[in-house]
Amino acid sequence: MTSLLIFFVLVLIGIAIWQLTKIFDLTQVGSNSGDSEVANDKDNSINGYLMFAFVGFIYIFTIYSLIKWSDLVLGTPASEHGAEVDNLMAISMYLIFFVQTITQFLLHYFTFKYRGKQGQKALYFADNNKLEAIWTIIPVIVLAGLILYGLYTWNNIMYYDDEEEVIYVELYAKQFGWEVRYSGEDNTLGKANVRFIEGVNTLGVDLSDPAAQDDKVVNELHLPKGKKIVFKMRSQDVLHSAYMPHFRAQMNCVPGMITQFAFVPNMTTAEMREDEAIIAKVDKINKIRAKKSIDLVAKGEEALEPYTFDYLLLCNKICGASHYNMQMKIVVDTPEDFKTWLSEKPTLSSQWAEANAPAPAPTPEVEVTEPMDVVIDTTKVVAQIIK
């Protein structure tokens, strides 16, 4: 509420200043005979030089940005196809910078060179086929090359042979979290449908499907290094996007359909933590956290824990109020460690059987007669006999 009030106050102050400037302009009417809405040579020259200054600002700020924030790029890719994606990105950015540098300079230079002058008239071309051909054909050739190279790279990433040794993993998205299902020993994911969601079966797996009997559902994504992973992606509610930045992988998770992405991890988590760029980033983050912790401790709050690098699975679609919190840790292991980790996880079918096992029948209570009761009863019997 306070923010809203501040916003309205700022808007009112802006309107007040605007009205004051209008009043000031009205008070100056007639006081300066040289005041005119029509630009003269001096006005045009000032605007021409300002245009040159602005293009200089663009170049200086671009160079500054590259120096200041170049360490924020992702760095070493953690998948085999990552180098191809980075190469495609680099080519695109080089072309953009090259074209932007030239066109911005020409735009501002011509604005200065052909600024308005007394007695000078602009030369008007109704049509120029040569110029139109140049500025049409060159972009077509460049863009066609980029698109064809992009399609070639995409096909190399997405293609895998049915006979190729792959591991099928399902990524299940819902507001606001992820779940993972591994295909088990048969390497086949069982059928699933949201209508089967019940209890521990949060992914709606069809437990009557023989292929689903060895499927395993976990809340942390582990991947083996050097093995091709084929991700099958589903969404329970709205459009999500499975984004794994360090693996250069992203695919939308669409309700009602299964999407797919495949890649081969080529660096374990431990190996990536030894990467020089990652070490520098972790050190920078921990310095910021240490500085923030001083303020927190001074307020009587707990200090922030040191940051440790981990791969992450993120949602790259704004899917709701807690979208920012929709992430999952990814661990890349050696094949041996991955196999050991996965073997320790229970199957969904066993979890379902355990959760739905009938409750044990209650043990009947045996009435125990107290010794004193027996004595009393015996005494009564003897008294009756005497009578």
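Asks: Sorry, what's going on with the overall build of the protein here?
Replies: Helix and strand counts for the protein come out as nine helices and 10 strands. The C-alpha radius of gyration computed for the protein amounts to 36 Å, which surpasses the reference 21 Å derived for 387 residues by more than 25%, pointing to a less compact arrangement than a globule. If one aligns the C-alpha atoms of the protein with their principal axes, the spans along those axes are about 150 × 65 × 40 Å. Per-residue burial over the protein gives 27% buried out of 387 residues. For the protein, contacts bridging at least 24 residues in sequence account for 72% of all contacts bridging at least 6. For the protein, the exposed surface amounts to about 26,700 Å²; the carbon and sulfur share of it is 63%. Taken together, the 33 basic and 47 acidic charged side chains of the protein have centroids lying 10 Å from each other.

Asks: Whenever I open this one, the pairing of strand β9 (residues 311–315) confuses me. Can you help?
Replies: Within a regular strand, side chains alternate between the sheet's two faces. Here β9 shows one buried face, formed by Tyr311, Leu313 and Cys315, and one open face, formed by Leu312 and Leu314. Judged from the two bridges that link them, strand β6 (residues 240–244) and β9 form a sheet pairing that is antiparallel. Residue Ala242 lies in a different strand from β9, and its bridge partner there is Cys315.

Asks: Please clarify how the pattern of salt bridges should be interpreted in this entry.
Replies: Two side chains bearing opposite charge may form a pair once their charged atoms approach each other closely. Enumeration over the complete set of coordinates arrives at 10 salt bridges. Of the charged contacts, one joins Lys225 and Glu271 as a salt bridge, the two residues approaching to 3.1 Å between their closest N and O atoms. Taken together, the positions of Lys225 in the loop between β4 (221–224) and β5 (228–235) and Glu271 in helix α5 (residues 269–273) put the pair 46 residues apart, joining distant regions of the chain. Residue class for Lys225 comes out partly exposed when judged on its relative accessible area of 30%. Relative accessible area serves as the criterion here: at 35%, Glu271 is assigned to the partly exposed category.

Asks: Looking at this model, I keep getting lost on the confidence of the model for the protein. Mind explaining?
Replies: Close inspection of predicted coordinates is inappropriate for parts of the model with low pLDDT. Chain-level statistics for the protein give a pLDDT mean of 86 and a share of 91% at 70 or above. Scored below 50 in pLDDT, residues 372–376 makes one contact in the model with residues more than four places away or belonging to other chains.

Asks: When you look at the sheet that holds strand β1 (residues 166–174) in this model, what are you seeing that I'm missing?
Replies: Note: strands within a sheet are paired through backbone hydrogen bonds, in either parallel or antiparallel orientation. Across the sheet, which stays open at both edges, the five strands sit in the order β3-β2-β1-β5-β8 with mixed pairing between neighbours. Edge positions in the sheet fall to β3 (216–218) and β8 (259–263), since each has one partner strand and no second. Averaged over all neighbouring strand pairs, the angle between strand axes comes to 25 degrees, with direction disregarded. Sheet topology places strand β2 (residues 177–182) next to β3; three bridges connect them, and they run antiparallel. Each residue of the ladder has a partner; that of Arg181, found in β3, is Val217.

Asks: Help me understand the layout of surface pockets, please; the structure alone is not making it clear to me.
Replies: Unoccupied space between atoms shows up once a probe the size of one water molecule is rolled over them. Within this model, the largest pocket holds a volume of roughly 510 Å³. Taken together, 19 residues line the largest pocket, and the ones lying closest to its centre are Ile167, Gly184, Phe338, Lys339 and Leu342. Secondary-structure elements contributing two or more residues to the lining of the largest pocket are β1 and α7 (335–343). For the lining of the largest pocket, the leading source of residues is α7, giving six residues.

Asks: Would you explain unusual backbone geometry in this entry?
Replies: Across residues other than glycine, the phi torsion is negative in most instances, and most of the peptide bonds are trans. Residue Phe176 is reached from Gln175 by a cis peptide bond, and omega for that bond is 0 degrees. Structurally, the position occupied by Phe176 is in the loop between β1 and β2. In the Ramachandran plot, Arg248 falls in the positive-phi region, its phi being about 55 degrees despite a non-glycine side chain. Along the chain, Arg248 turns up in the loop between β6 and β7 (249–253).

What counts and what doesn't
- Residues numbered from 1 in each chain as written.
- Predicted model: local features only at pLDDT ≥ 70, side-chain atom pairs only at ≥ 80, totals over all residues.
- Heavy atoms only, no water.
- Helix = DSSP H or I, 4+ residues; strand = E, 2+ residues; numbered from the N terminus.
- Rg over C-alpha atoms; globule rule 2.2 N^0.38 Å.
- Buried < 20%, exposed > 50% of the residue type's maximum accessible area, 1.4 Å probe, protein only.
- Contact = heavy atoms within 4.5 Å.
- Areas by Shrake-Rupley, 256 points an atom, 1.4 Å probe, with all protein chains shown as cover.
- Lys, Arg positive; Asp, Glu negative; His and termini not counted.
- Charge placed at Lys NZ, Arg CZ, Asp CG, Glu CD.
- Pairing = 2+ DSSP bridges.
- Salt bridge = Lys/Arg side-chain N within 4 Å of Asp/Glu carboxyl O.
- pLDDT = per-residue confidence, 0-100.
- Axes fitted to C-alpha atoms, helices over the stretch in contact; angles between N-to-C directions.
- 1 Å grid on protein atoms, 1.4 Å probe; cavity = no way out; pocket = protein on both sides within 12 Å on 5 of 7 lines; lining within 4 Å.
- Points joined across faces, edges and corners; volume = space filled by probe spheres on them.

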